[in-house]
Amino acid sequence: MRFRGLQLEIHPIDWVIVGLLLVAVVVGAARLRSQQPELYPLLTQHLSVLAGFLAFAAAAIRWQRSWWVIYARPVIAAAIIYSLYTSLGLLGMSAMGYRADAALSRIDAALFGGTDPTFLIEHWITPARVELFAFFYVLFLAYVNLSLVLGALGRPPLERDQFFTGWVSTYAFCYLGYIFLPAHGPGVFHAAAYHVPLMGGYFYQLILRTTAATGGELGVFPSLHGGASVYLCNFDLGTNRLRGLTYVPIVILIFMATVVLRIHYVIDLIVGTAVALTCRRIGPRVLGRWARLRHAEGLPALPGGEADVLPALSNIRGGRVTSVLSAY
Amino acid sequence: MPNHSNSLVDPLLPIVALGRKVTLTAKSTLARNPLLGLLWKGLGVIYFHRAQDVAKGADLRENVHAFETCRQSLSQGAAICIFPEGISHSDLQMRNFHTGLARIAMEFVRKDGNPGGLEIEPVGLLYTGKDRFRSDVWLRFGRPLDVGKWLDAHPDADAAALFEDRREMVIVHYASEIIATQGGMPRPLGSVEPTVAEWFGLLARLQQGYRQLLAVRAVEVEALSERVRRHRAELKRLGIAPSEVYLPLHPARAALFLVRELELTLLGAPLAVFGILNHLIPYVAVKTLARALSKDKDQWASNVIYPSFLVFPLYELLLLAAVWMTLPTFWAVIYSAALPYTGYYALLYRDRTGSAWRRARTFFYFLFHRGTQSRLADEGRSILSAIESLGEQLEPARPGAPLAEGARG
């Protein structure tokens, strides 16, 4: 009974983030003895983030009828998700005594008739093409962040929370790959075997500088460039078709960029896409069910007391809000 | 048994919705069109000869044969689609039914023994804008009529009696637009719209309430209707949609609107331009043809859709052939994938930029005429409140119940 109460109080996004941080802490703690010098700061870092987030989650429950909760959750969730981008990659590299590169490369080779696809396109690489794809690789950041801002401010309340639940879940599941299947990517794994080095201009240098600043290629499986962009595009296709269609070619180019720039294996992209589509399907359903249960228990369906969304709750079909007209 | 308001588009809808073979019926004069005649021969259409078409070559004696063909099809378990009004039209209410459908049904029961148990299923077809590209349509199946049981209960009935009291009216009421605003902020452009079933559900409820109230409170209802008409006329004169009367003049919201629409306008422009340039010729050709052929609103969609089946694929095939002959394979593949995608994209883009432009124009109009906005908004909310107060009199047990509750199609 107490757990059920807690289940209704804690937002699905909070469950996902707490779960992910707990996994990180448990993995760090379990491997602490053998890898102590490297893992200790990481463990401390993740424990601190966990404690801080739990404090936020408690505050969000205490003041769940306040307006600020509506905006604080997406901002804090996005900040934590972004901060984990590097730290979980490092954790996987430090805690696990193996690298998944060889297996991922073998799968890629099997998919492409025996040769890793980055070798197949090697003859096609020119500095201009590298720079073009580097631009699209960087564009991903603009796409994600603009989508998050528009998602937080421009969507109806229920749709907004569904959007963020799926987005956070996509990242969380992909991060599990970073922890348990650490890999550097084809650019590092096959570095000595390439005949054509990658050379580009401003955007390519920007990628190199950013990667170096965040500790190098840490964690590539599954691809978040692939997964997150598919998630955003797919969500938009269901709720704002023109925006979704606008980004279809850009998402394809982002996919191609990760392979051309030797950052991801193709299998990373495939699994990232699968994770994104699963979270796109499940995330909104989970959130919808949670909101309905809260509504039935007399709580505000969504934190922040956005009662205007309540009539739509009976119309969540297939995870998509199909109607608000019944409120008229 | 559907109503008939959109010419040759109507018969396609029950076929798609039922997902089973449906034998179509049509007026005999359509068979004279060589292309349609060929298409409809393939579909096994049964032709009826109408009295008003005798001068155009219809032979009423042929109906005996047509009726028999219908009964044979029914004996084999087929579903037949007959438009009992016998004509496609743009009237706000249904026209009188011809007796052919009832005669076929009664003869099938009385003479053929009613194998399989014939049922007549009323089908309602309602379009949000049948003379527009990509209009929504609501297809609703009514309660089926078991002809055998009905004849048992009415052994002496004639064909005209079968459909008495089974006509439905279709009224598009301005009040529904005002109710749909909820007196609140308009929804963001591009967001998920209410389904067409919900829209028509609301209309049906309004229509029902309107009729009931007209009988008991005619003066109030007429006065309110006049206010609604005046309000709607003023909005139309100003070029403002009812949903945009309550547009918030808030700088942060305006900035968000600007970012969202500029993002799509700028990023989407290359795709839209590509789509427009590659489809302009067939688009204009079909539109010109439809304009020339359509004498009434109910013919517009048919005159767009049927030629489009031919014109667009042919044109795209020509383009693709030219591209594959002239461009390298890589670019030809890209072009082939982009062609249908950008064509569809261009249509959505045009709608969206048009809506964004209208909303921006309304924003600036209200910015410089704040008095007008508050007057229009007050009047809109006052009308809403008057409708709700009248509605409560219809449902005294459920004050505050949402107007469209239970409306499902």
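**Quick notes on the overall build of chain B**
What chain B contains, in helices and strands, is 12 helices and 7 strands. The buried share among the 409 residues of chain B stands at 43%. Here the contacts in chain B between residues at least 6 apart in sequence split such that 70% fall between residues at least 24 apart. Carbon and sulfur atoms form 61% of the exposed surface of chain B, whose accessible area is close to 22,300 Å².

**A closer look at empty space enclosed by the protein**
Residue and element names in this part refer to chain A. Summed over the entire model, instances satisfying the criterion amount to 5 cavities of 30 Å³ or more. Of the voids in this model, the second largest cavity is the one considered here, and its volume is about 70 Å³. In this structure, the second largest cavity is lined by 12 residues; those nearest its centre are His11, Ile70, Arg73, Arg160 and Asp161. Of all the secondary-structure elements, those providing two or more residues to the lining of the second largest cavity are α4 (68–95) and α8 (157–180). Tallying contributions element by element places α4 first for the lining of the second largest cavity, with 4 residues. When the residues that make up the lining of the second largest cavity are grouped by side-chain class, the tally is 7 nonpolar, 1 polar and 4 charged.

**Notes on α4(A)**
Taking 1.5 Å per residue as the helical rise, α4(A) with its 28 residues ought to reach 40 Å, and the 38 Å between its terminal C-alpha atoms agrees with that figure. In α4(A), a bend of some 40° at Tyr85(A) exceeds every other bend along the element.

**Considerations on a nonpolar patch on the surface**
Residues Trp63(A), Trp67(A), Trp68(A), Tyr71(A), Val149(A) and Leu153(A) make up a contiguous nonpolar surface patch of about 650 Å² in total accessible area. Position of Leu153(A) relative to the elements: it lies in helix α7 (residues 127–154).

**A short note on the sheet that holds strand β3 (residues 79–81) of chain B**
Residue and element names in this part refer to chain B. The sheet built from 3 strands is open, its strands ordered β2-β1-β3 with parallel pairing. Two strands bound the open sheet, and with one partner strand each, they are β2 (46–48) and β3. Each adjacent strand pair in this sheet contributes to an overall mean axis angle of 30°, direction not counted. As paired strands, strand β1 (residues 22–27) and β2 are joined by 3 bridges and run parallel to one another. Bridging from a neighbouring strand, Ala26 pairs with Tyr47 of β2.

**Quick notes on a positive patch on the surface**
On the surface, a cluster of positive charge is contributed by Lys27(B), Arg32(B), Lys56(B) and Lys295(B). Here Lys56(B) is to be found in the loop between β2 and α3 (62–75).

**Topic: unusual backbone geometry**
For the bond running from Phe221(A) to Pro222(A), omega is -5°, close enough to zero to count as cis. Residue placement: Pro222(A) occurs in the loop between α10 (202–213) and α11 (224–239). Backbone geometry at Arg262(A) places phi at a positive 60°, although glycine is not the residue there. Overall, Arg262(A) belongs to the buried group, its relative accessible area being 7%. Here Asn114(B), not a glycine, exhibits a phi torsion of approximately 55°, which is positive. For Asn114(B), a relative accessible area of 15% puts it in the buried group.

**Considering the pattern of salt bridges**
If you walk through the whole model with that rule in mind, you get 20 salt bridges over all chains. Of the charged contacts in the structure, one is a salt bridge between Asp112(B) and Arg71(B), with a shortest N-O distance of 3.0 Å. Taken as a pair, Asp112(B) in the loop between α4 (100–110) and β4 (119–120) and Arg71(B) in helix α3 lie far apart in primary sequence, 41 residues in all. Residue classification places Asp112(B) among the partly exposed positions, given a relative accessible area of 30%. Overlapping salt bridges bring together Arg155(A), Glu159(A), Asp236(A), Arg243(A) and Glu263(B) as one network.

**Observations concerning the environment of Asp296(B)**
Residues and elements named next belong to chain B. Relative to the elements of secondary structure, Asp296 occurs in the loop between α9 (251–293) and α10 (297–326). Using a relative accessible area of 34% as the deciding quantity, one classes Asp296 as partly exposed. Taking the C-alpha atoms as reference points, Asp296 and His89, 207 residues apart in sequence, are found 7.9 Å from one another.

**Quick look at the nonpolar core**
Counting 61 residues, the largest nonpolar core has Ile17(A), Leu88(A), Leu91(A), Trp167(A), Tyr171(A) and Tyr175(A) as the members making the most contacts within it. Within the residue set of this core, elements represented by two or more residues are α2 (12–30), α3 (36–62), α4, α7, α8, α11, α12 (241–260) and α13 (266–296) of chain A. Ignoring sequence-local partners within four residues, the contact set of Tyr171(A) consists of Ile81(A), Tyr82(A), Tyr85(A), Phe140(A), Val144(A), Leu224(A) and Ala228(A). Ranked by size, the runner-up nonpolar core spans 24 residues in total, among them Met1(B), Phe97(B), Ala105(B) and Val147(B).

**Some details on the packing of α4(A) against α7(A)**
All names here are of chain A. At their nearest, the axes of α4 and α7 sit 10 Å apart, and the two run at 160° to each other. Considering their axes alone, α4 and α7 lie roughly antiparallel with respect to each other. Considering only the axes of α4 and α7, their crossing is right-handed. Counting all contacts with α4, which are made through Tyr71, Pro74, Ala78 and Tyr82, the residues of α7 involved are Val144, Asn145, Leu148, Ala152 and Leu153. The residue makeup of the contact of α4 with α7, split by class, is 8 nonpolar, 1 polar and no charged.

**Regarding the confidence of the model for chain A**
Looking at chain A, pLDDT values average 86 and 91% of them are 70 or higher. Between residues 308–328 of chain A, whose pLDDT stays under 50, and residues either more than four places distant or in other chains, the model counts 61 contacts.

**Here we look at the side chain of His46(A)**
Residues and elements named next belong to chain A. Position of His46 relative to the elements: it lies in helix α3. For His46, a relative accessible area of 0% translates into the label buried. The contacts of His46, once residues within four sequence positions are left out, are Leu21, Ala24, Val25, Leu84, Ser87, Leu88 and Leu91.

**Examining the packing of aromatic side chains**
Residue and element names in this part refer to chain A. Inspection of every chain in the model, using the stated rule, returns 27 aromatic pairs over all chains. With a centroid separation of 4.0 Å and an interplanar angle of 15°, the aromatic rings of Tyr143 and Tyr247 are classed as stacked. Highlighted residues: Tyr143 in helix α7 and Tyr247 in helix α12, separated in sequence by 104 residues. Pair check on accessibility: Tyr143 and Tyr247 agree, each one buried. Counting every residue linked through ring pairs, the aromatic cluster contains Tyr82, Tyr85, Phe163, Phe164, Trp167, Tyr171, Tyr175, Tyr178, Tyr231 and Phe235. The ring of Phe163 has Arg155 lying over it, and the distance from NZ or CZ to the ring centre is 4.5 Å. A cation over an aromatic ring shows up here: Arg262 above the ring of Tyr194, its NZ or CZ 3.7 Å from the ring centre.

**What to know about the packing of helix α8 (residues 218–238) of chain B against helix α12 (residues 370–394) of chain B**
Residues and elements named next belong to chain B. Across the interface, α8 lies against α12 with an axial gap of 11 Å and an inter-helix angle of 150°. With respect to their mutual orientation, α8 and α12 come out roughly antiparallel. For the element pair α8 and α12, the recorded crossing hand is left-handed. Where α8 approaches α12, its residues Glu220, Val221, Leu224, Arg227, Val228, His231, Glu234, Leu235 and Leu238 are matched on the opposing element by Thr372, Arg375, Leu376, Glu379, Gly380, Ser382, Ile383, Ala386, Ile387 and Leu390.

**Here's the deal with helix α5 (residues 101–111) of chain A**
Residue and element names in this part refer to chain A. Turning to α5, its buried residues number three or more, namely Asp101, Leu104, Ser105, Asp108 and Ala109. Taken around the axis of α5, the buried residues stretch over an arc of 140°, which confines them to a single face. Exposed side chains of α5 directed beyond 90 degrees from the buried face belong to Arg106 and Ala110. Elements in contact with the buried residues of α5: α6 (117–120), α9 (186–189) and α13. Once α5 finishes, Gly113 follows within two positions and takes phi at roughly 70°, a positive value.

About the criteria used
Residues numbered from 1 in each chain as written. Chains lettered and ligands numbered in written order. Predicted model: local features only at pLDDT ≥ 70, side-chain atom pairs only at ≥ 80, totals over all residues. Heavy atoms only, no water. Helix = DSSP H or I, 4+ residues; strand = E, 2+ residues; numbered from the N terminus. Buried < 20%, exposed > 50% of the residue type's maximum accessible area, 1.4 Å probe, protein only. Contact = heavy atoms within 4.5 Å. Areas by Shrake-Rupley, 256 points an atom, 1.4 Å probe, with all protein chains shown as cover. 1 Å grid on protein atoms, 1.4 Å probe; cavity = no way out; pocket = protein on both sides within 12 Å on 5 of 7 lines; lining within 4 Å. Points joined across faces, edges and corners; volume = space filled by probe spheres on them. Nonpolar A, V, L, I, M, F, W, Y, C, P; charged D, E, K, R; others polar. Expected span 1.5 Å × (residues − 1). Bend = angle between axes of the 7 residues up to and from the residue. Patch = residues over 30% accessible without salt bridge, like charges linked within 9 Å, V, L, I, M, F, W, Y side chains within 5 Å. Salt bridge = Lys/Arg side-chain N within 4 Å of Asp/Glu carboxyl O. Pairing = 2+ DSSP bridges. Axes fitted to C-alpha atoms, helices over the stretch in contact; angles between N-to-C directions. Lys, Arg positive; Asp, Glu negative; His and termini not counted. Charge placed at Lys NZ, Arg CZ, Asp CG, Glu CD. Core = buried A, V, L, I, M, F, W, Y, C linked by side-chain atoms within 4.5 Å. Parallel < 35°, antiparallel > 145°, perpendicular 65-115°, else oblique. Left-handed = near helix turned anticlockwise from the far one by under 90°. pLDDT = per-residue confidence, 0-100. Phe/Tyr/Trp six-rings, centres within 6.5 Å; stacked < 30°, edge-to-face > 60°. Lys NZ or Arg CZ within 6 Å of the ring centre and 35° of its normal. Arc of directions from axis to C-beta.

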